Amino acid sequence: MIREMTIADYEEILDLWVNTEGMGLRSLDDSREGIATFLKRNPRTSFVALDAGKIIGAILCGNDGRRGYIYHTVVQVPYRNQGIGTQLVEAAISALQREGITRVCLNVLETNEQGKAFWQNRGWEKKDLLGFYSQSITEKENRPFFEMQ
């Protein structure tokens, strides 16, 4: 079953993210408070997949009014290759379309071969002509939750 994500799902989702190879998490952005802020701004575009009431997959998705952005898409290893990840992506894209969003972007760590294959197998294209730049605009330290695997 696929349903909208809520902040009540946070602990289960964090456990899933932390235990997924290739996932990049940040202490501020991916904290309970950070995810609560994200979900408040984007209440209908992030989803979880459940089996027997337990979260087995998740997709964090939102938009800025112009573009959609997908983050932290994950399915537990025993449940992979069953279409669950695809269902999560389809739910997020449908939600974005309902909000009038016409383009969706995402980032995948260059070292995450499984993640890159997942997106490429679904028709997503890597855009090498674009440069990705970022800058922290907070005084607070936003460090990795853990060493990326």
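Everything discussed here concerns the structure shown above.
Predicted model only: the values in this text are computed from it and were never measured.

About the cut-offs
Residues numbered from 1 in each chain as written. Predicted model: local features only at pLDDT ≥ 70, side-chain atom pairs only at ≥ 80, totals over all residues. Heavy atoms only, no water. Helix = DSSP H or I, 4+ residues; strand = E, 2+ residues; numbered from the N terminus. Buried < 20%, exposed > 50% of the residue type's maximum accessible area, 1.4 Å probe, protein only. Phe/Tyr/Trp six-rings, centres within 6.5 Å; stacked < 30°, edge-to-face > 60°. Salt bridge = Lys/Arg side-chain N within 4 Å of Asp/Glu carboxyl O. Pairing = 2+ DSSP bridges. Axes fitted to C-alpha atoms, helices over the stretch in contact; angles between N-to-C directions. Contact = heavy atoms within 4.5 Å.

A. Spatial organisation of the environment of Gln87. The residue Gln87 is located in helix α3 (residues 84-98) in this model. Looking at Gln87, the relative accessible area reads 41%, which means it is partly exposed. Counting along the chain gives 40 residues from Gln87 to Phe47, while the straight-line C-alpha distance between them is 9.7 Å.

B. Focus on the packing of aromatic side chains. A full pass over the atoms with the stated rule returns 3 aromatic pairs. Where Phe38 meets Tyr71, the ring centres are 5.8 Å apart and the plane angle is 90°; that geometry is what we call edge-to-face. A residue pair is termed long-range when its members are at least 10 positions apart, and Phe38 in helix α2 (residues 32-41) and Tyr71 in strand β4 (residues 68-75) qualify at 33 residues. Residue classification places Phe38 among the buried positions, given a relative accessible area of 18%. Here Tyr71 falls in the partly exposed class, since its relative accessible area comes to 34%. Judged by centre distance (4.9 Å) and plane angle (90°), the rings of Phe118 and Trp119 are edge-to-face.

C. Structural context of the pattern of salt bridges. Applying the stated criterion across every chain yields a total of 8 salt bridges. Notably, a salt bridge pairs Glu110 with Lys126, separated by 2.8 Å at the nearest N-O pair. With a gap of 16 residues between them, Glu110 in the loop between β5 (104-106) and α4 (113-120) and Lys126 in the segment after α4 connect regions that are remote in the sequence. Since its relative accessible area comes to 52%, Lys126 is described here as exposed. Between Lys116 and Glu113 there is a salt bridge whose closest N-O contact spans 3.1 Å.

D. View of the sheet that holds strand β1 (residues 2-4). With mixed pairing, the 5 strands of this open sheet are ordered in space as β1-β2-β3-β4-β5. For this open sheet the edge positions go to β1 and β5, each flanked by a neighbour on one side alone. Going from strand to strand, the sheet's axes swing by 30° on average, the running direction of each strand aside. Judged from the 6 bridges that link them, strand β3 (residues 54-63) and β4 form a sheet pairing that is antiparallel. Residue pairing in the sheet places Cys61 in a bridge with Ile70 of β4. The strands that α3 touches are β1, β2 (47-51), β3, β4 and β5; relative to β3, the one it contacts most, it runs at about 30°.

Function cannot be inferred from these measures alone, as they are strictly geometric.
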